[in-house]
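# A closer look at the structure
One-letter residues, chain by chain:
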Amino acid sequence: MASEAPAVAHEESGGDTLVAVLLAMAMFVLVVDTSLMNVSISAVVHDLDTTASGVQSAIALEALVSAAFILIGSKIGDLFGRKRAYILGLLGYAVGALSMTLSQSLVPIVIFWAIIGGLGASLLLPAMQSLIHGNFQGPMQRRAYALVGAAAAIAAAVGPLVGGLITTYLSWRVAFAGEVVIIGIVLLGSGRVHDVPYTGDRRIDIVGAILSAVGMSGVVLGILVWQEGGGAVGALIAVGLVALGSLAWWLRKRKREGKPALLDAGLFASKYFRLGISSQTLQQISLGGLMIALPIYLQMVLEYNALEAGLSLAPLSLSMFVIALLAGKRAGRRSPSKIIRAGFALLALGVLVLIPIVPRAHSGWWMVVPLLIAGCGLGLLVSQLNNYTLAPIDEERVSEAAGVNSAGGSFGLSFGLAFAGAIMLASLSLFFTHYAGNSAVLSSTEKKQVSKGLEKNAEVMSNTHLQELLAGQPEDVKAEILHINTKARPRALQIALLVPLLAALLGLLNGFRMTRLPDLEPSGAAESVLGG
């Protein structure tokens, strides 16, 4: 018996440490990718001779594609192999990063980075969950999950700083080339990863997959089309909402008939799960809104370079990382629902304090305190929401539930990015027209020219750029136009910040609803699932 003990111990706790490191590297790239893009907006706009709204649309589209197809990507991995989906996902992300390195216009970035890269993420995230679960056992499995989760948290914390540093002193292209190198290393080690066979129902819910993709895409694409001045905005959003409603009906119908569905509608029978998913989505809407509006403001209004923008955002990302780490370890027997409620309260307070500061801010230092408050709130939410959402789910369905959780988070992020960015740029246009029309300095002809010119170039028109375009104009006209530009931008940011504020307040309302329910003990399955 004694000779068998080591074998039993090995069986209970097994796995290749190098595989865990490689999976953590893949997760690091996934999370850091969007941070690089956010702090590099002004550099990308300048180098590609494009607009900030176009770059912002690409960022939102990448998150949207990931959200719209993540449930489908999970099923593809089940049917055609989790390892194969993992490798295809890495290749998709590599293609996206390579396009960022080589592209000379926005179009290939939209096609390869936003769409193909987003599809890669939709394959990669669920495949990683299954591969970690199947390649590790016992304590080693928990260590692997912890390592991958830590990589995601570190990437979120240092992404703006690293991206800003590389973009400022080298180039944003170098940063994305670094992603290609990391993905190449991960792919070289993919031979050490063992595939995890799927033993469940292999039938496909094609209707559910279509409704899921059309529903999420319609809502966010409608916002992006509105931002770019396109038509049929209402129709796109309506199609998205109808598709999402139809998806809910379809899933319930398939469950009643005992037929395979894209996801089990029974998951939503749990009030804990419904509150958790909605809170996850609201948290990501807030984060997305902050992470698009603030970088645009810092780079286009304060005219910060990528490093200065990254440093200005550091209080938000670093406080989120530190508080998530501390709260995760020291929560003890404190009520998760009360921690979540406190998180949304701090997030709302931070944004609320930030809004009146914006018109007076002459540097990023003015934003440090409210960003620290908001970051602490986000850290509390990150530390609790995944476990709260998945606690009532049994082991058999936790992977599927985690996919829904990730889809909700990704959809929230894409919605926040699209809506806050669109609101900010639309508000700029309205303010330009209003201030120009009320000017006592400009003539009627000049008012029309200013309104049209600033509306067209709102998102890229820093005061420095504007002064170059106004060379040769009378001094009083030049001063008036610069005043309009300076006055309009903080107002537009204030309106954009209402998006994360409203999401945080709705999350706070959810938090009060959570505290009315008895707390559940986190399941072992919930604790071992990747964050969304």
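Before reading further, recall that the structure is shown in the block above.
Attention in this report is confined to the structure presented alongside it. Just so you know, these numbers come straight off a predicted model, no measurement behind them.

## A closer look at the nonpolar core
Among the nonpolar cores identified, the biggest contains 154 residues, and Ile-41, Tyr-86, Trp-113, Met-128 and Leu-347 are the most heavily contacted of them. Considering every element that reaches this core, the biggest residue donor is helix 15 (residues 398–437), with 17 residues. In contact with Ile-41, not counting residues within four places along its chain, are Ala-52, Val-55, Ile-59, Ile-292, Pro-295, Ile-296, Gln-299 and Met-300.

## Details of helix 11 (residues 271–300)
For helix 11, with 30 residues, the first-to-last C-alpha span of 43 Å sits near the 44 Å given by 1.5 Å per residue. Judged by how many residues are buried, helix 11 sits mostly within the fold: 27 of 30 residues are covered. For helix 11, the N-terminal capping position is held by Ser-270, with its side-chain oxygen 3.3 Å away from the main-chain nitrogen of Tyr-272.

## Quick look at the packing of helix 2 (residues 17–39) against helix 7 (residues 138–169)
Two elements in contact, helix 2 and helix 7, have axes whose closest approach is 7 Å; the angle formed by their N-to-C orientations is 25 degrees. Taken together, helix 2 and helix 7 sit at an angle that is classed as roughly parallel. In terms of crossing hand, the pair formed by helix 2 and helix 7 is right-handed. Of the residues that constitute the contact of helix 2 with helix 7, the class distribution is 21 nonpolar, five polar and no charged.

## Describing a positive patch on the surface
A cluster of basic residues, Lys-271, Arg-274, Arg-513 and Arg-516, forms a positive patch at the surface. Mapped onto the elements of the fold, Arg-516 is located in the loop between helix 19 (498–515) and helix 20 (524–527).

## A short note on the pattern of salt bridges
For the structure shown, the criterion picks out two salt bridges. For Lys-253, the salt bridge identified is with Glu-257, shortest N-O distance 2.9 Å. Here Glu-257 and Lys-253 lie together in helix 10 (residues 233–257), a separation of four residues that amounts to about one turn. Residue Lys-253 is classed as partly exposed on the basis of its relative accessible area of 22%. Residues Glu-257 and Lys-259 are paired through a salt bridge, measuring 3.5 Å at the closest nitrogen-oxygen approach. In this structure Lys-259 comes out as partly exposed when scored by relative accessible area, which is 42%. Taken together, the salt bridges that share partners define one network made up of Lys-253, Glu-257 and Lys-259.

## Focus: the environment of Ser-406
The topology assignment puts Ser-406 in helix 15. Accessibility expressed as a relative area gives 11% for Ser-406, which makes it buried. Placed 20 residues apart in sequence, Ser-406 and Asn-386 show a C-alpha to C-alpha distance of 9.5 Å.

## A short note on a nonpolar patch on the surface
A grouping of Ile-204, Ile-206, Ile-210, Val-214 and Val-239 is seen on the molecular surface, where their side chains present a nonpolar patch of about 440 Å² in accessible area. Among the elements that line the nonpolar patch, the one with the most residues is helix 9 (residues 206–227), at three residues. With respect to the helices and strands, the residue Ile-210 is situated in helix 9.

About the thresholds
- Residues numbered from 1 in each chain as written.
- Predicted model: local features only at pLDDT ≥ 70, side-chain atom pairs only at ≥ 80, totals over all residues.
- Heavy atoms only, no water.
- Core = buried A, V, L, I, M, F, W, Y, C linked by side-chain atoms within 4.5 Å.
- Buried < 20%, exposed > 50% of the residue type's maximum accessible area, 1.4 Å probe, protein only.
- Helix = DSSP H or I, 4+ residues; strand = E, 2+ residues; numbered from the N terminus.
- Contact = heavy atoms within 4.5 Å.
- Expected span 1.5 Å × (residues − 1).
- Polar contact = N/O pair within 3.5 Å; in protein donor to acceptor, adjacent residues only side chain to side chain.
- Axes fitted to C-alpha atoms, helices over the stretch in contact; angles between N-to-C directions.
- Parallel < 35°, antiparallel > 145°, perpendicular 65-115°, else oblique.
- Left-handed = near helix turned anticlockwise from the far one by under 90°.
- Nonpolar A, V, L, I, M, F, W, Y, C, P; charged D, E, K, R; others polar.
- Patch = residues over 30% accessible without salt bridge, like charges linked within 9 Å, V, L, I, M, F, W, Y side chains within 5 Å.
- Areas by Shrake-Rupley, 256 points an atom, 1.4 Å probe, with all protein chains shown as cover.
- Salt bridge = Lys/Arg side-chain N within 4 Å of Asp/Glu carboxyl O.
- Lys, Arg positive; Asp, Glu negative; His and termini not counted.
- Charge placed at Lys NZ, Arg CZ, Asp CG, Glu CD.

Everything listed here is a matter of geometry and, on its own, says nothing about what the molecule does.
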